[in-house]
Amino acid sequence: SFGVIADVQYADADDGYDFSGCRRRYYRQSLTLLQNAVEAWATEWPPLSFVLQLGDSIDGLNARRGEAEGALAQVLEVLRRLPVPVHHAWGNHELYNFSRARLARSDLSSRPAGAAAGPPAGDCQAYHFSPAPRFRFVLLDAYDLSTLGREPDSPRYKEALRLLREKNPNDDLNDPAGLQEPQFVEFNGGFSQAQLDWFNEVLKLSDENQEKVVVTGHLPIHPDASDRVSVAWNYQDALSVIHSHQCVVCFLAGHMHDGGYCLDSHGVHHLTLEGVIETSSESNAFGTIYVYKDKMILKGRGRISDRVMHF
């Protein structure tokens with residue numbers, strides 16, 4: 001079993017609203033909801049194997065207030081109370097606050113000692129690990145191809161900006177209005193070819209070893225488990241890799257705070273978790289997933305519904 005949570009987006013700030021001005025965000029209390037999740041997970045028996053934190057652990061608001069380091073320290077201090085490892089996806093809000101180089105030196109860089117090497121591209125944070133025989137987890141870096149967290153004069157930044165401007169002619173690169181492919185906004189990102197090639201090799205080995213694989217990352221990769229805007233730039237490429245193999249049973253993501261779910265045409269479950277940041281104090285948004293030979297059962301808390309995912 002393992003814990004799942006997404007989009008805590010903590011900031012020591014009064015409640016506010018999202019970019020549209022419509023949806024309430026509970027910045028300060030999100031830390032309390034995270035504490036409640038950690039306390040609930042600590043009572044699980046048998047104990048959890050690990051927890052997946054699916055990105056956006058602190059809010060971009062911290063960068064503007066000069067409070068990024070302090071906010072991250074508070075979130076990590078709560079998560080350290082867990083007696084099990086925490087695996088972190090990087091989201092856009094981590095990258096609003098920190099450079100990729102800084103994140104790589106932080107506890108959000110969670111590749112376990114002895115885990116298989118990630119993609120050959122320098123700072124890609126993808127990795128995989130096996131918590132039980134014939135079961136593997138692959139954590140993808142959904143902002144490997146992105147302008148966020150990179151120096152504007154770097155080749156990787158220029159490559160991402162060129163692609164973004166090709167697809168998005170709007171003055172505001174976070175505006176999807178009128179786009180044929182509305183996911184091409186700056187708050188999303190994508191997977192480099194090097195990462196996709198590496199991912200393909202990992203799944204090839206899992207096929208050979210008859211493993212079941214759960215893939216995770218901050219951005220959803222199926223529009224039916226999200227909206228048309230909140231998916232990865234090149235989500236079709238990631239889906240093509242997955243669908244060329246037999247082993248993947250589920251893709252877990254965050255980013256879209258409403259959550260979402262679909263079972264795709266190849267029998268892969270796509271589960272997008274509801275965000276803590278838009279959850280009121282009377283509720284919560286986390287879950288525990290129990291893994292069996294032929295299914296996974298999500299026991300959700302608060303906004304997250306229970307779900308059985310057969311494979």
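Scroll up to find the structure this text is about.
A brief look at the structure comes next. (Residues numbered from 1 in each chain as written. Predicted model: local features only at pLDDT ≥ 70, side-chain atom pairs only at ≥ 80, totals over all residues. Heavy atoms only, no water.)

Time to look at the sheet that holds strand β11 (residues 269-272). In sheet architecture, strand pairing relies on hydrogen bonds along the backbone and comes in two forms, parallel and antiparallel. Sheet architecture is open: six strands sit in the order β6-β7-β8-β9-β11-β10, paired in mixed fashion. Edge positions in the sheet fall to β6 (127-132) and β10 (260-263), since each has one partner strand and no second. Neighbour-to-neighbour, the strand axes of the sheet open up by a mean angle of 15 degrees, direction not taken into account. Where strand β8 (residues 212-216) meets strand β9 (residues 248-253), four bridges bridge the pair, whose relative direction is parallel. (Pairing = 2+ DSSP bridges. Helix = DSSP H or I, 4+ residues; strand = E, 2+ residues; numbered from the N terminus. Axes fitted to C-alpha atoms, helices over the stretch in contact; angles between N-to-C directions.)

Next up on the list: the nonpolar core. Core analysis: the largest hydrophobic core is formed by 82 residues, its most contacted members being Trp41, Phe199, Ile221 and Leu252. In this structure tryptophan 41 touches Gly3, Val4, Ile5, Leu48, Val51, Leu82, Phe286, Gly287 and Thr288, once residues within four positions along its chain are discounted. Within the second largest apolar cluster, eight residues are counted, among which are Leu161, Leu164, Phe184 and Trp233. (Core = buried A, V, L, I, M, F, W, Y, C linked by side-chain atoms within 4.5 Å. Buried < 20%, exposed > 50% of the residue type's maximum accessible area, 1.4 Å probe, protein only. Contact = heavy atoms within 4.5 Å.)

Glancing now at the pairing of β10. The alternating pattern of β10 places Gly260 and Cys262 on a buried face, while none of Tyr261 and Leu263, on the opposite face, is buried. By the bridge criterion, four bridges tie β10 to β11 in an arrangement that is antiparallel. The partner of tyrosine 261 across the bridge, within β11, is leucine 271. Connecting β10 to the next strand, β11, in antiparallel fashion are five residues, including glycine 267 with a positive phi near 80 degrees.

This part takes up the pattern of salt bridges. Using the criterion set out here, one finds 21 salt bridges in the structure. Note that glutamate 77 is salt-bridged to arginine 81, the shortest N-O span being 2.8 Å. For arginine 81, a relative accessible area of 44% gives the class partly exposed. Each of Arg100, Asp123, Asp141, Asp144, Arg150 and Arg156 takes part in a single network of salt bridges with overlapping partners. (Salt bridge = Lys/Arg side-chain N within 4 Å of Asp/Glu carboxyl O.)

This part is about the environment of histidine 266. You can see histidine 266 is positioned in the loop between β10 and β11. For the pair formed by histidine 266 and arginine 162, sequence separation is 104 residues and the distance between their alpha carbons is 33 Å. A distance of 3.5 Å separates a polar atom in the side chain of histidine 266 from a polar atom in the side chain of histidine 243. Within the structure, the side chain of histidine 266 is placed 3.2 Å from the side chain of serine 265, a separation counted as a polar contact. (Polar contact = N/O pair within 3.5 Å; in protein donor to acceptor, adjacent residues only side chain to side chain.)

Here we take up the state of the cysteines. Throughout the structure, instances matching the rule amount to zero disulfides. With no disulfide of its own, cysteine 124 lies 18 Å from the sulfur of cysteine 247, the closest cysteine sulfur. For cysteine 124, a relative accessible area of 4% corresponds to the buried category. Between cysteine 262, a free cysteine, and cysteine 250, which holds the nearest cysteine sulfur, the sulfur-to-sulfur gap is 10 Å. Relative accessible area serves as the criterion here: at 8%, cysteine 262 is assigned to the buried category. (Disulfide = S-S within 2.5 Å.)

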